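So you can see what is in the structure, the chains are spelled out below.
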Amino acid sequence: MPRLVLVDTSDQLPGLLPLHSWTALMSSEVVLVGAADHPFTPHLDAAGLRHEVVPAPEQGAALSRGDLLGGLSPQAKARAEWVVECARACGETVYLFGPHDSEAFTRTLGMEAARAGVEVEIVYFGVAPKGVRLLELVRVEERLLGEGGCPWDREQTHATLAPYAVEEVYELLEAIQAGNPPAIREELGDVLLQVVFHAEMAAQAGAFDIDDVAQQIAEKLVRRHPHVFGDVEVADAGEVMANWEQLKAAEKAEREGVFDGIPPAQPALAYAGKLQSRAAKAGFEWPDPATAAERVRLELDELGSATDDEARAAELGDLLLAVAGLARVHGIDPDMALRGAAQRFRDRFEAAAAAADRPLEQLSADDWLALWEQAKARDGT
């Protein structure tokens with residue numbers, strides 16, 4: 001009995017097949033592919049396997065009422081009939097699915113084989129490794145930046161894209177603060193796009209590509225986790241961080257100053273916290289939270305004693321720096337703490353405004369204070 005073996009492939013892993021699929025290919029008389037640019041064609045050549053491209057029909061085959069109701073196209077039916085006739089003539093025949101094949105064509109093949117009395121076996125690809133969708137994203141970006149791609153994408157540079165990267169990270173922070181998993185997933189995708197976009201631009205310039213980016217960070221993670229990938233033993237997360245900093249210092253031996261490698265362009269509060277953290281590692285540290293709190297009070301007094309705008313601005317900066325130091329001593333990220341406070345302020349203000357019994361511009365200071373306290377009581381803080 002003639003036999004048609006339908007071998008599934010992965011669009012995200014073109015040219016790669018698991019062992020059971022290869023076994024089906026190697027035992028066939030002929031391998032059929034739907035298009036000349038099938039990604040597996042070079043591999044069939046290398047393996048010395050006979051293969052043919054299913055020809056495009058000159059005209060579509062006539063369709064029955066059942067075909068029409070089943071959603072078949074004349075072209076798909078004609079191609080399916082050609083594949084089935086080849087199986088009847090050759091015996092063991094493999095049809096290797098590719099990116100151009102649709103689910104409708106698969107159904108057509110099965111029905112035509114059943115009509116012709118050809119035995120059909122389907123060899124599934126199996127479980128694809130985690131991360132294959134990243135390859136799809138890379139191919140999409142290649143298309144956008146390639147000839148005939150998107151004019152806007154093709155005009156971008158690393159510098160013009162930089163503001164978008166910052167914006168996407170802030171949107172991710174917003175989603176994380178909201179505790180919204182679907183939003184986090186979406187914003188992570190936007191951040192990932194920035195990585196792939198920059199990498200593809202660099203690849204076109206001959207500098208590096210996405211594989212170089214992935215390889216470098218993977219190697220760094222392995223080096224800095226010897227307690228996972230080596231034989232180093234650690235007692236807790238504190239020892240993990242200590243080892244990390246030692247390994248990082250060894251890798252960045254060219255850095256001489258305490259603050260080398262801290263980007264000044266980051267938000268001021270985060271920048272201040274990072275500077276203080278580095279200084280603390282060098283030994284410049286408030287001994288306890290009480291001392292750090294006292295420093296805040298001293299800076300507040302100095303702000304009150306300032307006599308002109310310039311002095312007040314300087315003292316206010318010192319006060320904010322002292323507050324950042326207090327947060328760090330308590331193990332609190334000052335930037336995230338301020339973001340949380342800002343969101344609470346927004347929520348309370350909006351609640352107070354919604355509870356007002358007249359237009360906002362008619363509210364007195366006492367009215368606002370009463371509405372604010374009510375909103376604060378409702379949120380329990």
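Data block above holds the structure.
Conventions and cut-offs
Residues numbered from 1 in each chain as written. Predicted model: local features only at pLDDT ≥ 70, side-chain atom pairs only at ≥ 80, totals over all residues. Heavy atoms only, no water. Pairing = 2+ DSSP bridges. Helix = DSSP H or I, 4+ residues; strand = E, 2+ residues; numbered from the N terminus. Axes fitted to C-alpha atoms, helices over the stretch in contact; angles between N-to-C directions. Contact = heavy atoms within 4.5 Å. Salt bridge = Lys/Arg side-chain N within 4 Å of Asp/Glu carboxyl O. Buried < 20%, exposed > 50% of the residue type's maximum accessible area, 1.4 Å probe, protein only. Phe/Tyr/Trp six-rings, centres within 6.5 Å; stacked < 30°, edge-to-face > 60°. Lys NZ or Arg CZ within 6 Å of the ring centre and 35° of its normal. Core = buried A, V, L, I, M, F, W, Y, C linked by side-chain atoms within 4.5 Å. Parallel < 35°, antiparallel > 145°, perpendicular 65-115°, else oblique. Left-handed = near helix turned anticlockwise from the far one by under 90°. Nonpolar A, V, L, I, M, F, W, Y, C, P; charged D, E, K, R; others polar. Expected span 1.5 Å × (residues − 1). Arc of directions from axis to C-beta.

Asks: For the sheet that holds strand β4 (residues 92–96), give the residues involved together with the corresponding values.
Replies: Judged by pairing direction, the sheet is parallel, and its five strands sit side by side in the order β3-β2-β4-β1-β5 without closing on themselves. Edge positions in the sheet fall to β3 (51–53) and β5 (119–123), since each of these pairs with one other strand and no more. Direction aside, neighbouring strands of the sheet carry axes that sit 25° apart on average. Pairing geometry for strand β1 (residues 3–7) and β5, over five bridges, is parallel. The residue of β5 that forms the bridge with V5 is E121. The strands that helix α4 (residues 74–90) touches are β1, β2 (30–33), β3 and β4; relative to β4, the one it contacts most, it runs at about 150°.

Asks: Can you explain the pattern of salt bridges? Please cite residues and give values.
Replies: As enumerated under the stated definition, the model contains 17 salt bridges in all. Here E285 and R328 are joined by a salt bridge, their closest N and O atoms 2.6 Å apart. A residue pair is termed long-range when its members are at least 10 positions apart, and E285 in the loop between α13 (268–281) and α14 (289–305) and R328 in helix α15 (residues 309–329) qualify at 43 residues. The class for E285 is partly exposed, based on a relative accessible area of 36%. One salt bridge in this structure joins R295 and E299, with 3.1 Å as the shortest N-O distance.

Asks: So what's going on with the environment of A370? Which residues, and what values?
Replies: Looking at the element boundaries, A370 is found in helix α17 (residues 365–379). Note: C-alpha distance between A370 and A352 (18 residues apart in sequence) is 8.8 Å.

Asks: Mind laying out the packing of aromatic side chains, listing which residues take part and the relevant values?
Replies: Enumeration over the complete set of coordinates arrives at eight aromatic pairs. Note on F345 and F349: the rings are 6.3 Å apart at their centroids and 25° apart in plane angle, and the pair reads as stacked. One end of the pair is F345 and the other is F349, both in helix α16 (residues 334–355) and four residues apart, which spans about a single turn. For F349, a relative accessible area of 34% puts it in the partly exposed group. A network of ring pairs unites the aromatic residues F345, F349, W368 and W372 as a single cluster. Over the aromatic face of F105 sits the side chain of R79, whose NZ or CZ is 4.4 Å from the ring centroid. Lying over the aromatic face of W244, R224 brings its terminal NZ or CZ to 4.9 Å of the ring centre.

Asks: Any chance you could break down the nonpolar core for me, citing the residues and the numbers?
Replies: Core analysis: the biggest nonpolar cluster contains 17 residues, and L4, L32, V83, Y95 and L109 have the highest contact counts within it. Breaking this core down by element, the ones donating at least two residues are β1, β2, α4 and α5 (103–116). One finds V5, V7, F40 and F125 within the second-largest nonpolar core, a separate group that totals 16 residues.

Asks: With reference to specific residues and values, describe the packing of α13 against α15.
Replies: In the contact formed by α13 and α15, the axes pass within 9 Å of each other and the chain directions differ by 60°. The angle between the axes of α13 and α15 places the two elements in the oblique class. Crossing hand, α13 versus α15: right-handed. Residues L269, A272, G273, Q276, S277 and A280 of α13 lie in contact with α15, whose contacting residues are L321, A324, G325 and R328. For the contact of α13 with α15, the residue count by class is five nonpolar, four polar and one charged.

Asks: Residues and numbers for the packing of α4 against α5, please.
Replies: Axis separation between α4 and α5 bottoms out at 9 Å; the angle between their running directions is 45°. Accordingly, the angle class assigned to the pair α4 and α5 is oblique. The hand of the α4/α5 crossing is right-handed. Across from A76, K77, R79, A80, E81, V83, V84 and R88 in α4, the residues of α5 making contact are F105, T108, L109, E112, A113, R115 and A116. Of the residues contributing to the contact of α4 with α5, the split by class is eight nonpolar, one polar and six charged.

Asks: Can you explain helix α8 (residues 158–178)? Please cite residues and give values.
Replies: If you check α8, its first and last C-alpha atoms are 30 Å apart, about what 21 residues at 1.5 Å a residue would give, namely 30 Å. Among the residues of α8, L161, E168, L172 and A175 are the ones counted as buried. For α8, the buried positions fall inside an angular range of 60° around the axis, keeping them on one side. Exposed side chains of α8 directed beyond 90 degrees from the buried face belong to A159, P163 and E174. The inward-facing, buried residues of α8 contact α7 (151–155) and α9 (181–204). Once α8 finishes, G179 follows within two positions and takes phi at roughly 65°, a positive value.

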